[in-house]
Amino acid sequence: MAKIDQTQSPPFHEVVQGAISRRNVLAGSASAALLTMFGCAVTNQNQRSNLVISKQTTAVSPLMQFKPVSVREAAITSNRQWPLISDDYDFELILPWGDPIEPSGPKFAWPPSPENQAHQIGIGHDGMWFFPDPNNPNSKGALALNHEFGSTAVILGKAVPQNLDEVRVSQHAHGVSVLNIERVKGKWMVVGGDNVRRIHVNTPVEFSGPVAEHELLKNSAGNKPMGTLNNCAMGHTPWNTYLTCEENWPFYFGTTSSEFEPTDEQKPYNLTGRSFYGWHNFDPRFDLRSEDHTNESNRFGWVVEIDPWDAQQVPVKHTALGRFGHEGATVAVGKDDRIVVYMGDDMGGEHVYKFVSSGDYNKMVRDGVSPLSEGRLYVARFNDDFSGDWLELSTRNSSLAERFDDDAEILTFPRIASKFVGATPMDRPEWIAITPTQDVYCTLTNNTGRTTPNAANPLAPNVHGHIVRWRDEEEYTGTKFSWDVFTLAANTQQTENLFSSPDGLWADSDGRLFIETDGNQSDDENTINNQLLVMDTNSGEIRRLFTGVSGCEITGLAVTPDQKTMFINIQHPGIEARSPHTGRTFPDLGGVNAIPRDCTVVLYRKDGGIVGS
């Protein structure tokens, strides 16, 4: 690899004042109309250049008729170990960690064995998608379910694994579960099928795209690529496949060597030699100093495609989409039927990306070519005048051609390449959602380490997070866009709309935006558990639909085609436990020696209406 200069791109703080002034004179423009619609105001607090959006409108939305969960109700139940939902809704709990992926499989027993865990639902439920059965689309289908991470204390009752068998238990609890679920007599349950499978750290995988045959993925021992881990959010394609995204994969790599010094390429990915999981003590694949496993860490950090209906298909890691902390992969069909994939890199100061396929996805699929294997990767620059540029990450960009040997290196180290081209450092870009108006929304969860604001991230530090919105030219495929700050979560503090740290995001066909949270939900008077909210993107009204249990994150979001059933996840209900037996036993509240277990929540209106209405 060519020598890389680590010079940071300008953080845009010098143009924030210009952005504020420009907003004040945008009257009459399309941007001004949008800002007015959402009640935006500009202030200067303590001489800091911060945009503060005013309180959301109290107008009654025709899209949301349900009675919201009040702050008072949510605060009262904040320390209880049972969810709370709107009076107009009901829910059921399914698919807890450790249940068999098929009815005949091994039942949950703690601690699990590596053999059983490979045939049981994983831990750390996160992104997922429901693929309907053509003959019974609203009551039966395949559910692809991510397993982001699991506390070793909960899985094994230990701080770190003590032998290779215990490492295998942890490894097999990660990855993806492909399940068949069906509503039988009004209740959802797991059913069998030839497509059912677990995909985990030791499952064979393949690579596609520019890095597939590159030296950056090879090692001297010739070890074949295996596995996926830290599977966070996701996407789904028009050709009916599932995209699972590898996010905080560096935390699984470590070393026992005191002489390890990360390279310039490893530092931006936090490959410091410190592992949170201890796998490297018994599995040399995850030892950064293993001579037989050089470049193993380069094999993670990708978007992985899975066919939910074919258990024989080898999962494919698409290198054309770049290697970073993938939070999700939201797919749109753009101009000339090209595929567009929007992605966030969930780390403070990292970036928003877009991939555009090289051609018509229908033709590519017919020709046996994945639309995700050929195309261009771009990174976003949010300008102070509310315009934006998608900057190409390839050697066709002269600034990158001078520093990288080829496109494969750029795609393997896009965090570095993005700094060179002047992309905007963002406050943990996470889930991305698209409305029918072709507006694209992205959650910025928070960034307490930010010291200077920029136009698109106007708070420093950004404790509560915010949501940005943009619209691309040329039906998603253009290299120009316009944008605004849709809402600051901070503006809802001390109101009925209290929420912080927006994370999961999905938009329905009517313009409802479903927002899930992952962080401290509190103001000066109230503390509530993480939650699911519904926002009308037309009026700006927001309502609280659901709150989880103490310590959990609300994440994952999928619906049946009629939108009358929604699936979300309660992740890490026992994350604060240093031992599995500390009173955190959700969902088995009355069980003897019960273990906290992630699970999926099924939401539905009592009157059978569309979820969110």
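Residues numbered from 1 in each chain as written. Predicted model: local features only at pLDDT ≥ 70, side-chain atom pairs only at ≥ 80, totals over all residues. Heavy atoms only, no water.

(A) The arrangement of the pairing of strand 7 (residues 175–184) in detail. For strand 7, a buried count of seven out of ten residues is recorded, marking the element as mostly surrounded by other parts of the structure. Both strand 6 (residues 140–147) and strand 7 contribute to a ladder of eight bridges, which runs antiparallel. Across the sheet, residue His147 finds its bridge partner in strand 7, namely Gly175. Looking at chain direction, strand 7 and strand 8 (residues 187–191) are connected through five bridges and run antiparallel. Paired with Glu182 across the two strands is Met189, which belongs to strand 8. In sequence, strand 7 turns back onto strand 8 through a hairpin of two residues, with Lys185 there showing a positive phi of about 55 degrees. (Buried < 20%, exposed > 50% of the residue type's maximum accessible area, 1.4 Å probe, protein only. Helix = DSSP H or I, 4+ residues; strand = E, 2+ residues; numbered from the N terminus. Pairing = 2+ DSSP bridges.)

(B) Seen up close, helix 10 (residues 414–421). Most of helix 10 sits out of view: eight of its eight residues are buried. Taken as a whole, helix 10 has its buried residues at Pro414, Arg415, Ile416, Ala417, Ser418, Lys419, Phe420 and Val421.

(C) Spatial organisation of empty space enclosed by the protein. The tally for this structure, following the rule as stated, stands at one cavity of 30 Å³ or more. Roughly 70 Å³ of internal volume is contained in the largest cavity. Along the walls of the largest cavity sit twelve residues, with Ile123, Ser151, Val154, His572 and Asp598 positioned nearest its centre. (1 Å grid on protein atoms, 1.4 Å probe; cavity = no way out; pocket = protein on both sides within 12 Å on 5 of 7 lines; lining within 4 Å. Points joined across faces, edges and corners; volume = space filled by probe spheres on them.)

(D) Geometry of the packing of aromatic side chains. On inspection of all chains with the given rule, the structure shows 35 aromatic pairs. Ring centres of Trp188 and Phe567 lie 5.3 Å apart, and the angle between their planes is 85 degrees; this geometry places the pair in the edge-to-face category. Of this pair, Trp188 sits in strand 8 while Phe567 sits in strand 33 (residues 566–571), and the two are 379 residues apart along the sequence. Phe567 matches Trp188 in its accessibility class, with the two residues each being buried. Ring plane angle 50 degrees and centroid distance 6.1 Å describe the contact between Tyr342 and Trp390, whose orientation is recorded as tilted. Taken together, the residues Tyr342 in strand 16 (residues 338–344) and Trp390 in strand 20 (residues 387–392) connect sequence positions 48 residues apart. (Phe/Tyr/Trp six-rings, centres within 6.5 Å; stacked < 30°, edge-to-face > 60°.)

(E) Spatial organisation of the pairing of strand 6. Burial within strand 6 is extensive, with seven of its eight residues counted as buried. As paired strands, strand 5 (residues 125–132) and strand 6 are joined by six bridges and run antiparallel to one another. Counterpart to Phe130 in the pairing with strand 6 is Leu143.

(F) Inspection of the sheet that holds strand 33 at higher detail. Taken together, four strands build an open sheet; the order of strands is 4-34-33-32 and the sheet is antiparallel. Strands with a single pairing partner mark the edges of an open sheet, and in this sheet they are strand 4 (89–94) and strand 32 (553–559). The average angle at which neighbouring strand axes cross in this sheet is 25 degrees, direction not considered. Bridging between strand 4 and strand 34 (residues 599–605) involves six bridges; their strand directions are antiparallel. Paired with Phe91 across the two strands is Leu603, which belongs to strand 34. (Axes fitted to C-alpha atoms, helices over the stretch in contact; angles between N-to-C directions.)

(G) View of a negative patch on the surface. A contiguous patch of negative charge, built from Asp336, Asp337, Glu473, Glu474 and Glu475, is present on the exposed surface. Positionally, Asp336 belongs in the loop between strand 15 (330–333) and strand 16. (Patch = residues over 30% accessible without salt bridge, like charges linked within 9 Å, V, L, I, M, F, W, Y side chains within 5 Å. Areas by Shrake-Rupley, 256 points an atom, 1.4 Å probe, with all protein chains shown as cover. Salt bridge = Lys/Arg side-chain N within 4 Å of Asp/Glu carboxyl O. Lys, Arg positive; Asp, Glu negative; His and termini not counted. Charge placed at Lys NZ, Arg CZ, Asp CG, Glu CD.)

(H) Looking closely at the layout of surface pockets. Quantified by volume, the largest pocket comes out at close to 730 Å³. Taken together, 34 residues make up the lining of the largest pocket; nearest its centre are Phe149, Asn248, Phe251, Phe276 and Tyr277. Looking at the lining of the largest pocket residue by residue, the class counts come to twelve nonpolar, nine polar and 13 charged. A volume near 510 Å³ is recorded for the second largest pocket. For the second largest pocket, the lining is made up of 29 residues, of which His236, Thr330, Ile434, Trp506 and Ala507 are closest to its centre. Secondary structure elements with two or more residues in the lining of the second largest pocket: strand 11 (231–236), strand 15, strand 16, strand 22 (429–434), strand 26 (502–507) and strand 32. At five residues, strand 22 tops the list of elements feeding residues into the lining of the second largest pocket. (Nonpolar A, V, L, I, M, F, W, Y, C, P; charged D, E, K, R; others polar.)

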